[in-house]
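# Observations on the model geometry
Here is how the chains run, residue by residue.
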Amino acid sequence: MLISSWNVNSVRARIDNIKSYLVKYKPDILVMQEIKTEEVNFPFDVFSSLDYESHVHGQKSYNGVAIISKKKLGNVETDIIKDKLKQSRIISAEVEHKKKKIKLINIYTPNGNPVDTPKYEYKKKWLDDLIKKLKSISKTNKNIILTGDFNIIPAAEDVYNPKSFEDDALYRLEIRKKFREMLSLGFSDVYRHFNETQEGYTFWDYMRGAWQKNNGMRIDHFLVSSSIIDNVKKININKDPRGGEKPSDHTPIEIELA
DNA sequence: ATGGCCAGGTTTCCTGGA
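Described in the following lines is the structure provided in the data block. Values in this document were obtained by computation on a predicted structure and should not be read as measured data. Throughout, residues of each chain are indexed from 1 in the direction in which the sequence is written. Chains carry letters from A onward and ligands carry numbers from 1 onward, assigned in written order. Given that the model is predicted, a residue must reach a pLDDT of at least 70 before its local features are reported, and side-chain atom pairs must reach 80 or more before they are shown or counted; all residues, however, enter totals for whole chains, interfaces and linings. Here the side-chain values reflect all heavy atoms present in the structure, with hydrogen atoms and water set aside.

For the rest of this paragraph, the subject is the packing of helix α3 (residues 118-140) against helix α4 (residues 173-184). To get an axis, a line is fitted to the C-alpha atoms, and for a helix only the part in contact is used. The angle between two axes follows their N-to-C directions and goes from 0 to 180 degrees. What counts as a helix is a DSSP run of H or I of at least four residues, what counts as a strand is a run of E of at least two, and both are numbered from the N terminus. Interaxial distance between α3 and α4 falls to 10 Å at its minimum, and their mutual angle equals 10 degrees. Comparing the axis directions of α3 and α4 gives the class roughly parallel. Between α3 and α4, the residues in contact are Y120, K123, K124, L127, D128, L130, I131 and L134 and E174, I175, K178, E181 and M182, respectively. In the contact of α3 with α4, the residues fall into 7 nonpolar, no polar and 6 charged. When describing relative orientation, an angle under 35 degrees is termed roughly parallel and one over 145 degrees roughly antiparallel, while 65 to 115 degrees is termed roughly perpendicular and anything else oblique. It only takes one pair of heavy atoms within 4.5 Å for two residues to be counted as in contact. All amino acids are sorted into three groups, where Ala, Val, Leu, Ile, Met, Phe, Trp, Tyr, Cys and Pro are nonpolar, Asp, Glu, Lys and Arg are charged, and the leftover types, Gly among them, are polar.

On to the sheet that holds strand β8 (residues 144-149). Spatial strand order, β5-β6-β7-β8-β12-β9: 6 strands in an open sheet with mixed pairing. Here the strands that pair on one side only, and so sit at the sheet edges, are β5 (74-77) and β9 (188-189). Across 2 bridges, β9 lies against strand β12 (residues 220-224) in antiparallel orientation. Bridging across to β12, D189 finds its partner in L223. Against the sheet, α4 makes contact with β8, β9 and β12, and its axis sits at roughly 25 degrees relative to β12, the strand it touches most. Should DSSP find at least two bridges between two strands, the strands are regarded as paired.

Each neighbour pair has its own omega, and for N113 with P114 the value is -5 degrees, a cis peptide bond. With respect to the helices, strands and loops of the structure, P114 is situated in the loop between β7 (100-108) and α3. In this structure, K98 takes a positive phi of about 50 degrees despite not being glycine. Relative to the helices and strands, K98 resides in the loop between β6 (90-97) and β7.

So, on to the sheet that holds strand β13 (residues 232-237). Strand order across the open sheet formed by 6 strands is β3-β4-β2-β1-β14-β13, with mixed pairing between neighbours. The sheet terminates laterally at β3 (53-57) and β13, the two strands that pair on one side only. Strand after strand, the sheet turns through a mean of 15 degrees between neighbouring axes, direction not considered. Against the sheet, helix α1 (residues 15-25) makes contact with β1 (2-7), β2 (29-33), β4 (65-69) and β14 (253-257), and its axis sits at roughly 160 degrees relative to β1, the strand it touches most.

Moving on, we come to the protein's contact with DNA strand B. Of all residues adjacent to DNA strand B, which total 26 residues, the nearest are S10, E34, S61, N111 and R208. In protein, a polar contact requires one atom able to donate a hydrogen and another able to accept it; more generally it is a pair of N or O atoms within 3.5 Å, and residues adjacent in sequence count only if both atoms are side-chain atoms. Here a phosphate oxygen of DNA strand B and a side-chain polar atom of E34 are 2.7 Å apart. Within the side chain of N111, an N or O atom sits 2.8 Å from a base nitrogen of DNA strand B. Here the surface near DNA strand B is composed, by residue class, of 9 nonpolar, 6 polar and 11 charged. A single heavy atom is enough: if one lies within 4 Å of a molecule or strand, its residue is considered near that molecule or strand.

Let's shift gears to the pairing of β1. Burial runs high along β1: 6 of the 6 residues are buried. Both β1 and β14 contribute to a ladder of 4 bridges, which runs antiparallel. Note on β14: the bridge partner recorded for S4 is E254. Relative to β2, β1 is paired through 5 bridges, and the arrangement is parallel. Counterpart to S5 in the pairing with β2 is V31. The handedness rule is simple: strands pointing away from the viewer, and a clockwise path from the first strand over the helix to the second, make the crossover right-handed. A crossover connection joins β1 to the parallel β2 through α1; in handedness this β-α-β unit is right-handed. The buried label applies to any residue whose accessible area, calculated with a 1.4 Å probe on protein chains only, is under 20% of its type's maximum; exposed applies above 50%, and partly exposed to all values in between.

A word on the environment of I29. Along the chain, the position of I29 falls in strand β2. Distance in space between the C-alpha atoms of I29 and S5 is 8.5 Å, their sequence separation being 24 residues. Residues contacting I29, with those up to four places away along its chain left out, are M1, L2, I3, S4, I67, I68, S69, L73, V95 and L104.

Below, the discussion takes up the packing of aromatic side chains. Two aromatic rings from Phe, Tyr or Trp, using only the six-membered ring of Trp, form a pair when their centres are within 6.5 Å; if the ring planes differ by under 30 degrees the pair is stacked, by over 60 it is edge-to-face, and anything between is tilted. Tallied over the full model, the rule gives 8 aromatic pairs. With centroids separated by 5.0 Å and ring planes inclined at 65 degrees, the aromatic side chains of F42 and F44 adopt a geometry described as edge-to-face. Consider the rings of F150 and F179, whose centres lie 6.1 Å apart with planes at 75 degrees: the pair is edge-to-face. In this pair, F150 is assigned in the loop between β8 and α4 and F179 in helix α4, connecting sequence segments 29 residues apart. These aromatic residues form a ring-pair network of at least three members: W6, Y21 and Y25. Criterion for a charge above a ring: Lys NZ or Arg CZ within 6 Å of the ring centre, and within 35 degrees of the ring normal. Here the basic side chain of K70 rests over the ring of Y52, its NZ or CZ set 4.7 Å away from the ring centre. A cation over a ring is seen here: R172 above Y120, with NZ or CZ 5.0 Å from the ring centre.

Following this line, the structure appears as structure tokens:
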């Protein structure tokens, strides 16, 4: 089973890119972030014509997440975190794989910049609420896949210029600690599980020729429970879409479950 | 050495992104 996560930076502006990606790589499940549209304007028909069912937690202009799947999903929820600002940043569902009932959680963590503003406080609170929820879910379901745009650079090797990001909301020590806190609950950072030091950027800014210079960062992740890690055959950061026409600034990250 | 982008909506500027 191939599961992919991609911050598409507008599902409507990116629809041709997404279609090409689905046709070429045929993920069983694609979770998307920053769809930037309400459910009423979501292109359900495009995805159903490619045999995907769609589940959407939309929002006008900003944020918004969705899960599209070739496999039947159960128990879709969009409110497992109470979001004070009512932003659409999480959607979860259950999928069955090899007799395991897996809870798949798709997140779009707040960016948090600039750090001396309420935006940063919102990010910290949002991550604290997520961590609390992960703890409680873990009690009843041991098979969890947490994926999406975490807006966290976990370590120095995950950004082209760590020095300049020390006081950035994506890399501040306080934020990296929240990522470690998630790992301490028993999750594996799948990319680092398979790649000890190799860089694995998933985002390159549109500005300053970042893509051409490979000035990237690793902020999109797959975290899986210990019960799932042995099912993971491989993880791949698929750079093709980032190099294409009118790309998103993020590129898909994919895991293959055996 | 410096600045460089893109999307949506409130549309010819503003906000947000990372």
